[in-house]
Amino acid sequence: MKNRRSVCNSLSSALVLCVVAITGCQDSGPTTGDTNATASETPAAPDTTTPDTTTPDTTTPDTTTPDTTTPDTTTPAATPATTPEVSLYKAASEGNTEAVRQHIAAGTELNTQNPQTKATALIAATTLGHTQSALLLIENGADLEVKNSDGSTALLIAAFFCREEIVKALLAKGANRNVVNNAGSSALASVAGPFEDVKPIYDLIQAGLGPLGLELDYEYLQKARPKIAALLQAE
């Protein structure tokens, strides 16, 4: 985010005091005497009048500039989000929704792939059934078309495991429902056949991912597969 700052210009006025000095003038001309007089005239007494020495009023007027300081209305800079110690992939795999949210806020790259499985955080959360973590990643721009090492996208995996909320969110964001994995299977094909035909595959996956927290509900899967197929067929 950018902060907006208002800039105000403070104007100050300076007052200059002019002091006018007033000086008096004194007459110093000589007095004319009568040379035929027998008595001497007393010389005129010198003018001893005290000159006006009143000090002019030099009081400086109050020139204090009014306080025009603009209050600081600058919005404090936002504190950068802290990246959690746990990686995004691990947080998504464990269903650590708060850590996933923190990674998103910190700007962590959402589409980094696991070196071995090529799975992203979204694929990991979808596979292990961590719905809220998956939805967060979908809503915040995770790439929906990244493929793991067997060529499956998040939609293929969500469909196969009957993650209904995730399937709906992926379709709403425009995930490609026609993409196929390395075996040539699409999302629809993975749920279109009889449950008994694919149960051995579910068994293998449960055995492999059970230690990571995967728990498959076979009764739910058998009932949900036709519903997921209908979602994928809907326009």
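Residues numbered from 1 in each chain as written. Predicted model: local features only at pLDDT ≥ 70, side-chain atom pairs only at ≥ 80, totals over all residues. Heavy atoms only, no water.

Visitor: Honestly, the confidence of the model for the protein in this entry has me stumped. Any pointers?
Guide: Caution applies to low-pLDDT parts of the model: their predicted coordinates are not meant to be read in detail. When the pLDDT values of the protein are averaged, the result is 78; 66% of them are 70 or greater. This model gives residues 1–46 a pLDDT under 50, and the stretch forms 16 contacts once residues within four places in sequence are excluded. (pLDDT = per-residue confidence, 0-100. Contact = heavy atoms within 4.5 Å.)

Visitor: Even after reading the chapter, I still don't get the pattern of salt bridges, so can you show me in this structure?
Guide: In a structure, side chains of opposite charge can pair up when their charged atoms sit close to one another. All chains considered together, the criterion is met by 7 salt bridges. Here E98 makes a salt bridge to R101, at a shortest N to O gap of 3.2 Å. Of this pair, E98 and R101 both sit in helix α2 (residues 97–106), 3 residues apart, which is roughly one turn of the helix. E98 gets classed as partly exposed once you look at its relative accessible area, which sits at 43%. According to the relative accessible area criterion, R101 is partly exposed, its value standing at 40%. K227 is the partner of E164 in a salt bridge, and the nearest nitrogen-oxygen pair spans 3.2 Å. Highlighted residues: E164 in helix α6 (residues 164–172) and K227 in helix α9 (residues 218–233), separated in sequence by 63 residues. If you follow the salt bridges from partner to partner, you end up with E164, K168 and K227 in one network. (Salt bridge = Lys/Arg side-chain N within 4 Å of Asp/Glu carboxyl O. Helix = DSSP H or I, 4+ residues; strand = E, 2+ residues; numbered from the N terminus. Buried < 20%, exposed > 50% of the residue type's maximum accessible area, 1.4 Å probe, protein only.)

Visitor: I would appreciate a short explanation of α9 in the present structure.
Guide: An α-helix turns once per 3.6 residues; consequently, residues spaced three or four apart project the same way. An ideal rise of 1.5 Å per residue puts 22 Å on 16 residues; α9 measures up with 23 Å between its terminal C-alpha atoms. A224 marks the point of greatest bend in α9, at about 40°, and the proline P226 comes within the next four residues. For α9, the secondary structure elements touched by its buried residues are α5 (154–160), α6, α7 (187–192) and α8 (195–209). With a side-chain oxygen positioned 3.2 Å from the backbone nitrogen of E219, the residue opening α9 is D217. (Expected span 1.5 Å × (residues − 1). Bend = angle between axes of the 7 residues up to and from the residue. Polar contact = N/O pair within 3.5 Å; in protein donor to acceptor, adjacent residues only side chain to side chain.)

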